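Spelled out from the first residue to the last, the chains are:
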Amino acid sequence: MLADGPTISWLQLARILRDRLGPLAERVPTEEAPGAELPDLVIHNDRAKRVLGWRPRPAETTIVETAESLRDLGLLERRAS
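Conventions we followed
- Residues numbered from 1 in each chain as written.
- Predicted model: local features only at pLDDT ≥ 70, side-chain atom pairs only at ≥ 80, totals over all residues.
- Heavy atoms only, no water.
- Core = buried A, V, L, I, M, F, W, Y, C linked by side-chain atoms within 4.5 Å.
- Buried < 20%, exposed > 50% of the residue type's maximum accessible area, 1.4 Å probe, protein only.
- Helix = DSSP H or I, 4+ residues; strand = E, 2+ residues; numbered from the N terminus.
- Contact = heavy atoms within 4.5 Å.
- Salt bridge = Lys/Arg side-chain N within 4 Å of Asp/Glu carboxyl O.
- Axes fitted to C-alpha atoms, helices over the stretch in contact; angles between N-to-C directions.
- Left-handed = near helix turned anticlockwise from the far one by under 90°.
- Nonpolar A, V, L, I, M, F, W, Y, C, P; charged D, E, K, R; others polar.

J.: I'm lost on the nonpolar core in this one. Help?
T.: The biggest cluster of nonpolar side chains holds ten residues, and these are Leu13, Ala14, Ile16, Leu17, Leu21, Ala25, Val28, Ile63, Val64 and Ala67. Secondary-structure elements contributing two or more residues to this core are helix 1 (10-21) and helix 3 (59-72). With five residues, helix 1 is the single largest residue contributor to this core. Look past the residues within four positions of Ile16 in its chain and what remains in contact with it is Ile8, Glu60, Ile63 and Val64.

J.: Could you clarify how one ought to interpret the environment of Ser69 in this entry?
T.: Considering the arrangement of structural elements, one finds Ser69 in helix 3. Its relative accessible area of 35% is what places Ser69 among the partly exposed residues. Spatially, the C-alpha atom of Ser69 lies 17 Å from that of Glu26, the residues being 43 residues apart in sequence.

J.: What is the right way to look at the pattern of salt bridges in this model?
T.: Where charged atoms of side chains with opposite charge meet at close range, the side chains can pair. In total, this model carries three salt bridges according to the counting rule given. Measuring nitrogen to oxygen at the nearest pair gives 2.3 Å for the salt bridge that ties Glu65 to Arg57. The partly exposed category is assigned to Glu65, whose relative accessible area is 38%. Asp72 serves as the salt-bridge partner of Arg71, at 3.0 Å between the closest nitrogen and oxygen. Judged by relative accessible area, Arg71 falls into the partly exposed class, the value being 37%.

J.: Looking at this model, I keep getting lost on the packing of helix 1 against helix 3. Mind explaining?
T.: Two packed helices can be described by the angle between their axes and the distance between those axes. It is at 10 Å that the axes of helix 1 and helix 3 come closest, and there the two elements cross at 60°. The element helix 1 and its partner helix 3 pack so that their crossing is right-handed. Within the contact between the two elements, helix 1 uses Leu13, Ile16, Leu17, Arg20 and Leu21 and helix 3 uses Glu60, Ile63, Val64, Ala67 and Glu68. A per-class count over the contact of helix 1 with helix 3 returns seven nonpolar, no polar and three charged.

See below:
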């Protein structure tokens with residue numbers, strides 16, 4: 001995902017989905033999986049902004065709109081209760 005702002009963890013991404021999408025995100029994890037800590041990912045997009053005039057959207061907007069698009073396309077299934 002290419003967006004503007006600081007890099008976020010998978011758990012932060014999951015929290016955004018749960019906070020913004022409610023029942024649609026009921027299966028999103030709430031805890032980090034065990035394992036070694038990965039190094040922070042750093043993406044530099046300053047040149048694309050400067051040279052191309054690219055204006056990336058905020059990460060939270062990108063995450064939520066992507067999930068909503070997947071829902072609208074019928075690619076997300078809700079778990080049967």
